[in-house]
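# Coordinate analysis (summary)
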Amino acid sequence: MKLNIAVLPGDGIGPEITQQSVKVLKAVAERFDHEFHFEEAAVGAVAIDILGDPLPDSTLELCKKADAVLFGAIGDPKYDNDPSAKVRPEQGLLKLRKELGLYANIRPVKAYDKLLDRSPLKAENIQGANMIIFRELTGGIYFGEKTTAEDGRSASDLCFYTVEEIERVAHLAFKSAQTRNKKLTLIDKANVLETSRLWRKTVTELAKQYEDVQLDFLFVDNAAMQMILNPKQFDVILTENMFGDIISDEASVIGGSIGLLESASVGDGNALFEPIHGSYPQAAGLGIANPVASILSAAMLLEHFGLHDEALVVKKAVEISIQLNICTKDINKDNHYSTEKVGDFLESVISDTENHMINNENLNFGQMTII
Ligand code: IPM
Ligand code: MG
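Reading the values: the criteria
Residues numbered from 1 in each chain as written. Chains lettered and ligands numbered in written order. Predicted model: local features only at pLDDT ≥ 70, side-chain atom pairs only at ≥ 80, totals over all residues. Heavy atoms only, no water. Axes fitted to C-alpha atoms, helices over the stretch in contact; angles between N-to-C directions. Helix = DSSP H or I, 4+ residues; strand = E, 2+ residues; numbered from the N terminus. Parallel < 35°, antiparallel > 145°, perpendicular 65-115°, else oblique. Left-handed = near helix turned anticlockwise from the far one by under 90°. Contact = heavy atoms within 4.5 Å. Nonpolar A, V, L, I, M, F, W, Y, C, P; charged D, E, K, R; others polar. Patch = residues over 30% accessible without salt bridge, like charges linked within 9 Å, V, L, I, M, F, W, Y side chains within 5 Å. Areas by Shrake-Rupley, 256 points an atom, 1.4 Å probe, with all protein chains shown as cover. Salt bridge = Lys/Arg side-chain N within 4 Å of Asp/Glu carboxyl O. Buried < 20%, exposed > 50% of the residue type's maximum accessible area, 1.4 Å probe, protein only.

Take the packing of helix α1 (residues 14–32) against helix α11 (residues 292–304) next. Interaxial distance between α1 and α11 falls to 8 Å at its minimum, and their mutual angle equals 40°. Viewed along their axes, α1 and α11 adopt a mutual orientation that is oblique. Once α1 is placed against α11, the crossing between them reads as right-handed. Across the interface between the two elements, I17, T18, Q20, S21, V24, L25 and V28 of α1 pack against S294, I295, A298 and L302 of α11. When its residues are assigned to classes, the contact of α1 with α11 shows seven nonpolar, four polar and no charged.

In structure tokens:
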């Protein structure tokens with residue numbers, strides 16, 4: 001398969017983690033005889049610095065004509081601490097999502113057996129947790145009208161949704177539930193918010209088309225508690241933009257590190273793949289950032305194009321690296337590997353066409369000499 005992939009490394013640790021994903025995708029292309037072309041463009045704070053715009057037109061054009069976008073991270077503390085800043089890096093990502101029509105952000109979350117003790121949550125509560133969050137991505141309070149009074153003493157953000165916006169992401173969530181444990185939980189605040197009541201009404205109506213899926217509802221405050229108390233109850237979660245942003249960061253605690261969580265943002269045409277974590281500016285250039293979230297996002301990219309065997313090889317390689325503790329500092333505190341070394345390891349596992357590393361059940365991990 002031929003794929004044109006736009007690579008937007010962005011800010012902070014974005015470039016170093018994205019580099020590892022490109023390495024992994026190149027190894028996949030080589031092994032499975034695909035042609036992947038990569039073209040880089042600036043986004044975020046770096047784009048503001050060079051071109052005065054967090055999403056330059058040239059970057060947007062590149063993304064529009066690409067088959068997929070591989071996105072790194074966005075954000076810089078010099079803007080976080082300056083509420084009066086007129087342009088902000090995050091605007092680049094938000095505009096990109098809107099312009100590409102990426103209305104569904106898909107975030108899988110699972111507990112890795114080997115990392116149960118990495119999570120601050122009790123192992124017995126999280127073992128076996130496996131869910132997928134469908135977050136609406138181009139509506140709600142993120143995109144509603146924003147105002148600040150002239151005297152600077154009041155401000156507002158409007159939360160606005162249409163039935164169509166709810167339906168299109170809900171369809172994807174229901175379809176996903178049909179391929180999993182057939183349970184869908186809508187997270188909202190329908191006891192208070194008008195938009196949440198519209199979500200409930202619309203999703204309840206839609207559920208009639210998916211009779212094999214059991215639909216239930218949780219208020220977001222309760223859901224935040226349930227995510228910690230009993231995350232195993234969740235299969236597919238559907239929620240609006242801001243609740244999804246918050247709940248998915250919270251859910252990342254189950255996996256033991258936010259550096260493991262991948263995501264895909266899809267619409268009717270384009271698709272973008274990015275880790276859920278931020279730009280982690282304190283770690284930029286230090287080689288300590290975990291590239292796995294970005295690499296698993298690349299696996300989602302492969303899956304998006306129906307390259308299931310290829311995606312599986314990447315996911316297996318990640319599992320092997322976790323088994324062997326060939327991991328960055330967030331997971332392997334005492335004997336950690338650098339961002340690049342983890343990428344190199346995954347590349348070698350993928351390039352191991354003999355398959356003996358992946359298929360050999362009796363592999364003696366301790367004796368591997370691959371790096
Ligand atoms: C995310 C991020 C973004 C969001 C920021 C960087 C704008 O937190 O993708 O979850 O809030 O959507
Ligand atoms: Mg977020």
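The next thing to look at is a nonpolar patch on the surface. Residues V46, I50 and L51 make up a contiguous nonpolar surface patch of roughly 280 Å² in combined accessible area. With respect to the helices and strands, L51 occurs in helix α2 (residues 45–51).

Before going further, it helps to examine the environment of L346. As for its placement among the helices and strands, L346 is situated in helix α13 (residues 339–351). The exposure class assigned to L346 is buried, which follows from its relative accessible area of 1%. Along the chain, L346 and H304 lie 42 residues apart, while their C-alpha atoms are 21 Å from each other.

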